Amino acid sequence: MAPPTATAAPAQTLTALAEEKTLQAKFVRDEDERPKVAYNQFSNEIPVISLAGIDDNEGNRRSEIRKKIVEACEDWGLFQVVDHGVDATLISQMTRLATEFFALPAQEKLRFDMSGGKKGGFIVSSHLQGEAVQDWREIVTYFSQPKRLRDYTRWPDKPEGWIAVTEKYSDSLMELACKLLEVLSEAMGLEKEALTKACVEMDQKVVVNYYPKCPQPDLTLGLKRHTDPGTITLLLQDQVGGLQATRDGGNTWITVEPVEGAFVVNLGDHGHYLSNGRFKNADHQAVVNSNTSRLSIATFQNPAPEAVVYPLKIREGEKAVMEEPITFMEMYKRKMSKDIEIAKLKKLAKEADDDEKKKKMKQSLFDNNNKESFESKPIDKLFA
Ligand SMILES: O=C(O)CCC(=O)C(=O)O
Ligand SMILES: [Fe+2]
């Protein structure tokens, strides 16, 4: 496999890079982080659960569904739902318009650039400070609930009609998320509304992920390994494949099989803490491929920033997984600063290890008569 190239000019979107033959160094992951399983080697370990009859309180359909959901949450923190009641036309409109957005010329997408710290809009890769390696993705994101906090100036106004579709999609997914949280509350032996009440006023944020096809997908990730911070996430993915989950800290991975019209449901950190660790926070990542681009739409259902995070019920013989109650805002800040710290340490370690390699690359650049282009750029720009 060809070695990664070092390029100085910062690319503004990934679309142009998708055509290059080799991957820029800033996307190259350390070996231990690289994909271990192919994007299309699907596993059927994640249950696909039909929600048909979930509102039927008389018969035993609701309790059957609850049982399946609970097993999946205890096992992986991840399951898929079908017959979920979200209109199929709405789903296909949402996917079509999102795909059209990413096909717009770079300058159109960059009208909504959020890299200066704006709340919502378009950005390439992730925006975590101190991150040594970048994700191979573009995103567009907007805060959709509560409605009174919507800032429409940060919602793309193209393609035409997207805003209206997004609004409907947001309401529909809010309804579905609440239904799932009701079932999980019951499973914890609590009143139906317990989990939504613990959110105070539920926030909803939509992130549309676009992963262009990638010249060297084995060296990079579309989205690095993480758990979602919120209560529950509903993910709509196309038929390409790329979502992967691990239960053993990243040693082994499975690729979630795409199911037409289904939502992948993830439990996040908040859901995990409220259940006192009984429900897992799904540990996941997204891989990319060289054949085709991929689209996924993640709808994050989060508690209000001031909501208190602490187990709602601690079962007999168990200890609380948290030392003290904290607000969701505090929980999120701690998670982010931990991630930034790890990223910084990784970057430092990498810089140290790469010294020898950098010397060799420098020598070969001179040998190849590239003296001028090399000298005109600082070394950290070349190999960052
Ligand atoms: O694209 C995917 O499959 C995963 C997306 C995801 O995990 C996220 O946006 O948090
Ligand atoms: Fe995620």
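Above this text sits the structure in question.
Analysis parameters
Residues numbered from 1 in each chain as written. Chains lettered and ligands numbered in written order. Predicted model: local features only at pLDDT ≥ 70, side-chain atom pairs only at ≥ 80, totals over all residues. Heavy atoms only, no water. Near = heavy atom within 4 Å. Polar contact = N/O pair within 3.5 Å; in protein donor to acceptor, adjacent residues only side chain to side chain. Areas by Shrake-Rupley, 256 points an atom, 1.4 Å probe, with all protein chains shown as cover. Helix = DSSP H or I, 4+ residues; strand = E, 2+ residues; numbered from the N terminus. Donors = N, O, S within 2.8 Å, 3.2 Å for Na, K, Ca; no water. Buried < 20%, exposed > 50% of the residue type's maximum accessible area, 1.4 Å probe, protein only. Pairing = 2+ DSSP bridges.

Visitor: Would you mind going over the site of ligand 1 with me for this structure?
Guide: Around ligand 1 sit 13 residues, and of these Asn-209, Tyr-211, His-284, Arg-294 and Ser-296 come closest. In the model, an oxygen atom of ligand 1 is placed 3.3 Å from a nitrogen or oxygen of the Asp-228 side chain. Within the complex, the protein chains bury 96% of what would otherwise be the 300 Å² of accessible surface of ligand 1. Within the residue set of the shell around ligand 1, elements represented by two or more residues are β6 (203-211), β7 (223-226), β12 (283-286) and β13 (294-302).

Visitor: Even after reading the chapter, I still don't get the coordination of the iron ion (ligand 2), so can you show me in this structure?
Guide: Six octahedral donors around a metal ideally sit at 90 or 180 degrees from one another, while four tetrahedral donors ideally sit at 109.5 degrees. Within the protein, the atoms that donate to the iron ion (ligand 2) are His-226 (NE2), Asp-228 (OD) and His-284 (NE2), at distances of 2.1 to 2.3 Å. Between consecutive donor residues of the iron ion (ligand 2), the sequence gaps follow H-x1-D-x55-H. One end of the pair, His-226, is in strand β7; the other, His-284, is in strand β12, with 58 residues separating them in the sequence. With a relative accessible area of 23%, His-226 lands in the partly exposed category.

Visitor: When you look at the pairing of strand β11 (residues 263-267) in this model, what are you seeing that I'm missing?
Guide: Along any regular strand, the residues point their side chains to alternate faces of the sheet. Of all 5 residues in β11, 5 are buried, a share of seventy percent or more. Here β11 shows a buried face lined by Phe-263, Val-265 and Leu-267 and a second buried face lined by Val-264 and Asn-266. Sheet topology places strand β3 (residues 78-82) next to β11; 4 bridges connect them, and they run antiparallel. Pairing of Val-81 across the sheet is with Phe-263, part of β11. Pairing geometry for strand β8 (residues 232-237) and β11, over 4 bridges, is antiparallel. Counted as the bridge partner of Leu-234 is Val-265 from β11.

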